[in-house]
Amino acid sequence: MPQYKLVYFDGRGRAELARLLFAASGTKYEDHRVEQAQWPALKQKVPFGVLPVLEVDGKQYSQSGAVARYLAKEFGMMGCNNLEAFKIDEAYENIRDLCQALLGQLFETNKEEKAKKLQKIKEDLMPKTLKWFTNQLKENCTCGFLVGKKLSLADVAFFCLFNNVISMGHGKALDEAPTVKEHHTRIGNNAAIKKWVQTRPKTDW
């Protein structure tokens, strides 16, 4: 078993999906949290000067999406065949699209642009995303997962995303998509995931 060290700031952010994957798989790792005062010096030593970074047996790798996919493959959470892996990737990319839009709106400094981005999320992107996931869940309804018959990257990323949706004040959108809301609750009740969420460090983001 490789030695894993996940390096990120003291927040959920772009590293939380990796932490959830570690938790769901029961895999040990070092959750190294960087203080802001340490960051300027560390920035010069990590790939592209960004976090998160995953160290595997001491070698550094970057890009949160690549980290998530690697861990999912290592932990048997990328499906049972290439088509399932394709579907999981499709779901993950849809999740990333909504996540990027939410972050873009959150950090927009121009009030007019911020309002426009919020409107687009509420009236276009959020409904489309919820409809897509509702259809996926209904298509795979007998299994209780987004893809296949076991927990995958798609489910864990889905849970992580909609936790952020709720924390950012868009939780009411889930009330209009009961199938999606039910799945979010189901994944949140996974014993390992639930334990991590209950015991992880309390942070603002």
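Along each chain, the written sequence defines residue order, and numbers are assigned to residues from 1. Per-residue local features of the predicted model are confined to residues with pLDDT of at least 70, and side-chain atom pairs are confined, for both listing and counting, to 80 or more; whole-chain, interface and lining totals are unaffected and use all residues. In computing side-chain properties, one takes all heavy atoms of the structure into account and sets aside hydrogens as well as water.

## Quick notes on the environment of A173
Under the convention used in this document: Secondary structure counts use DSSP, requiring at least four H or I residues in a row for a helix and at least two E residues in a row for a strand, with both numbered from the N terminus. Residue contacts are counted whenever heavy atoms from the two residues lie within 4.5 Å of one another.
Position of A173 relative to the elements: it lies in helix α7 (residues 172–175). Separated by 90 residues in the primary sequence, A173 and L83 have C-alpha atoms spaced 30 Å apart. Those residues in contact with A173 that sit more than four places away from it in its chain are M126 and L130.

## Thoughts on the pattern of salt bridges
Threshold: We define a salt bridge as a side-chain nitrogen of Lys or Arg found within 4 Å of a carboxyl oxygen belonging to Asp or Glu. Relative accessible area decides the class of each residue, using a 1.4 Å probe on protein chains only: under 20% of the type maximum gives buried, over 50% gives exposed, and in between gives partly exposed.
For the coordinates displayed, the defined rule picks out 13 salt bridges. Where R19 meets D31, a salt bridge forms, and the shortest distance between an N and an O atom there is 3.0 Å. On the criterion of sequence distance, the pair formed by R19 in helix α1 (residues 16–25) and D31 in strand β2 (residues 30–34) is long-range, its members being 12 residues apart. With relative accessibility at 1%, the residue R19 sits in the buried group. For D31, a relative accessible area of 24% puts it in the partly exposed group. K128 is the partner of D124 in a salt bridge, and the nearest nitrogen-oxygen pair spans 3.1 Å. Taken together, the positions of D124 and K128, both in helix α5 (residues 111–139) and four residues apart, correspond to about one turn of that helix. A residue is classified by how much of its surface remains accessible, and D124, at 24% relative accessible area, is partly exposed. Each member of the salt-bridge network shares a partner with another, and the members are D10, E16, R19, D31, R33 and R200.

## Observations regarding α5
The condition that has to hold: Under the convention used throughout, the expected extent of a helix is 1.5 Å for every residue step, that is, one less than its residue count. Axes are fitted to the seven residues ending at a residue and to the seven starting at it; the angle between these axes is taken as the bend at that residue.
Relative to the 42 Å expected for 29 residues at 1.5 Å per residue, α5 spans 40 Å between its end C-alpha atoms, a close match to the ideal helical length. At I121, α5 shows its maximal bend, which comes to roughly 45°. Three or more residues of α5 are buried, namely I121, M126, T129, L130, F133, T134, Q136 and L137. Residues of α5 that are buried sit in contact with α4 (82–106), α6 (153–167), α7 and α8 (178–188).

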